[in-house]
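Chain and residue survey
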Amino acid sequence: MADAAQWISGARLRTLPLALAPVLIGTGAAIGSLGGFTAFILDDISGKDDHVSFGQILLRGFLALLVSLCLQIGSNYANDYSDGIRGTDDERVGPVRLTATGAAEPHEVKRAAFIFFGLAGVSGIVLILISQAWWFLIVGAAAVAAAWFYTGGKRPYGYMGLGEVFVFVFFGLVATLGTMWMQVGHLSLSGWAGAVSIGSLASAVLMVNNLRDIPTDIEADKITLAVRMGDNAARIAYAVLVLLPFALLALAILDGHPAVALAILALVPALNPLKTVLSGTTGPGLIPPIKSTGLTGLAFSALMGLGLAL
């Protein structure tokens, strides 16, 4: 039976910063679209009540964060279960694989995945009740389905080179723009720029992860985008995905949020993983860049979110 440390490792905590990232940007974009922190302070002083309050923004942001975190953890356990029963993880490097190593029974890992999917669903329903955006029930169901069928089902899309596409859509566009919409009921150019940016960084994390696993994925007949592209092209794609968000900051600046230039500072933690990946490092040597890219995404989103909200 797996102990607590193994279950925590199986949750793949290094992936969680990019579950927080879209909520930070979406919340920052929501506050910025209402005039920023200053507008909230002035409204509190003058007693105005003509839009959503700062407290409501924080509550909805917290619920969106719960949805994002629980979906990410559920997806990680679902991936562990599905890859484990297929034998894909038998020779995998990286964090503990509960199913493949026999540390936990497959049905236990599957149950853990659906417990977190359920927690995401409960948090999402509460958020929908508050915002009255009932059509988000469909979006939520699609997000759970995307998390499960990444490696689950008879034809998992993660085995067809579509993993980065779905990560970009759901952990970038849907999570960021969904957070903003739930909070203020509209979108902005800055919100779109942030959504594309964090989707790009989330895809970069998956790209370097799959780059590391090219040899074992080929043996397991798991055709990821990195396998399709080949080693060299996958490394270049990773670099493009990491650097694109910094170029997109120009859109938010043009949209009236010059303070988002703060996010340029996130280039600092991005440099070392870029150097490692582009140097041709393979195998376990690519594990640190996975974590560093996730932290780059967190730093970028925190700084951009702050810049949007000022």
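Rules used throughout
Residues numbered from 1 in each chain as written. Predicted model: local features only at pLDDT ≥ 70, side-chain atom pairs only at ≥ 80, totals over all residues. Heavy atoms only, no water. Helix = DSSP H or I, 4+ residues; strand = E, 2+ residues; numbered from the N terminus. Buried < 20%, exposed > 50% of the residue type's maximum accessible area, 1.4 Å probe, protein only. Areas by Shrake-Rupley, 256 points an atom, 1.4 Å probe, with all protein chains shown as cover. Lys, Arg positive; Asp, Glu negative; His and termini not counted. Charge placed at Lys NZ, Arg CZ, Asp CG, Glu CD. Phe/Tyr/Trp six-rings, centres within 6.5 Å; stacked < 30°, edge-to-face > 60°. Axes fitted to C-alpha atoms, helices over the stretch in contact; angles between N-to-C directions. Parallel < 35°, antiparallel > 145°, perpendicular 65-115°, else oblique. Contact = heavy atoms within 4.5 Å. Nonpolar A, V, L, I, M, F, W, Y, C, P; charged D, E, K, R; others polar. Left-handed = near helix turned anticlockwise from the far one by under 90°. Expected span 1.5 Å × (residues − 1). UniProt positions renumbered as here; feature names shortened; annotations may be inferred. 1 Å grid on protein atoms, 1.4 Å probe; cavity = no way out; pocket = protein on both sides within 12 Å on 5 of 7 lines; lining within 4 Å. Points joined across faces, edges and corners; volume = space filled by probe spheres on them. Salt bridge = Lys/Arg side-chain N within 4 Å of Asp/Glu carboxyl O. pLDDT = per-residue confidence, 0-100. Patch = residues over 30% accessible without salt bridge, like charges linked within 9 Å, V, L, I, M, F, W, Y side chains within 5 Å.

Some words on the overall build of the protein
Of regular secondary structure, the protein possesses 14 helices and zero strands. For the protein, the succession of helices and strands along the chain, N to C, is α-α-α-α-α-α-α-α-α-α-α-α-α-α. Considered along the principal axes of its C-alpha atoms, the protein spans approximately 65 × 40 × 30 Å. Evaluated residue by residue, the protein yields a buried proportion of 53% over its 310 residues. About 13200 Å² of surface is accessible on the protein, with carbon and sulfur atoms providing 70% of the total. Looking at charge distribution, the protein has the averaged site of its 17 positive side-chain charges lying 3 Å from that of its 19 negative ones.

Quick word on the packing of aromatic side chains
Enumeration according to the criterion identifies twelve aromatic pairs in this entry. For the ring pair Phe-37 and Phe-54, a centre distance of 5.9 Å and an interplane angle of 80 degrees mean the geometry is edge-to-face. Of this pair, Phe-37 sits in helix α3 (residues 36-46) while Phe-54 sits in helix α4 (residues 54-86), and the two are 17 residues apart along the sequence. Owing to a relative accessible area of 30%, Phe-54 belongs among the partly exposed residues under this scheme. A centroid spacing of 6.0 Å and a plane angle of 35 degrees characterise the contact between Tyr-77 and Phe-116, whose relative ring orientation is tilted.

Quick word on the packing of helix α9 (residues 189-212) against helix α14 (residues 287-309)
Between α9 and α14, the shortest axis-to-axis distance is 8 Å and the interhelical angle comes to 175 degrees. When the axes of α9 and α14 are compared, the pair comes out roughly antiparallel. Between α9 and α14, the residues in contact are Ser-190, Ala-193, Gly-194, Ser-197, Ile-198, Leu-201, Ala-204, Val-205, Val-208, Asn-209 and Arg-212 and Ile-287, Pro-289, Ile-290, Thr-293, Gly-294, Thr-296, Gly-297, Phe-300, Ser-301, Met-304 and Leu-308, respectively. Partitioned by chemical class, the residues of the contact of α9 with α14 number twelve nonpolar, nine polar and one charged.

Looking at the packing of α4 against helix α6 (residues 106-131)
Packing of α4 against α6 leaves a shortest axis separation of 8 Å and a crossing angle of 160 degrees. Taken as axis vectors, α4 and α6 run roughly antiparallel relative to one another. Between α4 and α6 the crossing geometry is left-handed.

Concerning helix α2 (residues 17-33)
The terminal C-alpha atoms of α2 lie 24 Å apart, and with 17 residues this matches the ideal 24 Å at 1.5 Å per residue to within 8%. The buried count for α2 comes to 14 of 17 residues, which makes it a mostly enclosed element. Just downstream of α2, Gly-35 is the residue with a positive phi angle, here 105 degrees.

Digging into the UniProt feature "transmembrane region" (unreviewed entry) in the protein
The UniProt record annotates "transmembrane region" (unreviewed entry) at residues 18-42, 54-74, 112-130, 136-153, 165-184, 190-211, 232-253 and 290-309. The annotated region residues 165-184 carries 100% helix and 0% strand content, and the separation between its end C-alpha atoms amounts to 27 Å. The annotated region residues 232-253 carries 100% helix and 0% strand content, and the separation between its end C-alpha atoms amounts to 34 Å.

Looking at the layout of surface pockets
Taken as a whole, the second largest pocket spans an internal volume of roughly 170 Å³. Every residue lining the second largest pocket is counted, 15 residues in all, and those nearest its centre are Val-23, Leu-24, Thr-27, Gly-28 and Ile-31. Residue assignment for the lining of the second largest pocket shows that the elements contributing at least two residues are α2, α4 and α14. With six residues, the single largest contributor to the lining of the second largest pocket is α2.

Things to note about the pattern of salt bridges
When their charged atoms lie close together, side chains carrying opposite charge are able to pair. Evaluation of the coordinates by the stated rule reveals three salt bridges. The partner of Asp-231 in a salt bridge is Arg-235, with the nearest N and O atoms 2.6 Å apart. In this pair, Asp-231 and Arg-235 are both assigned in helix α12 (residues 231-254), four residues apart and thus about one turn of the helix distant.

Considerations on the environment of Leu-244
Within the secondary structure layout, Leu-244 lies in helix α12. Spatially, the C-alpha atoms of Leu-244 and Ile-198 are 9.8 Å apart, while their sequence positions differ by 46 residues.

Notes on the confidence of the model for the protein
Close reading of the predicted structure is inappropriate where its pLDDT is low. With 95% of its residues at a pLDDT of at least 70, the protein reaches an overall mean of 91. The secondary structure element of the protein with the lowest average pLDDT is α3, at 71, and the one with the highest is α12, at 98.

As for a nonpolar patch on the surface
Together, Phe-37, Ile-41, Phe-54, Leu-58, Leu-262, Leu-265, Leu-306 and Leu-310 line one region of the surface with nonpolar side chains, adding up to about 690 Å² of accessible area. Put simply, the parts of the chain that give the nonpolar patch at least two residues each are α3 and α4.

Structural notes on unusual backbone geometry
As a rule of thumb, non-glycine residues mostly have phi less than zero, and peptide bonds are mostly trans rather than cis. Non-glycine residue Arg-12 carries a positive phi angle of around 55 degrees. Here Arg-12 lies in the loop between α1 (4-10) and α2. A residue is classified by how much of its surface remains accessible, and Arg-12, at 9% relative accessible area, is buried.

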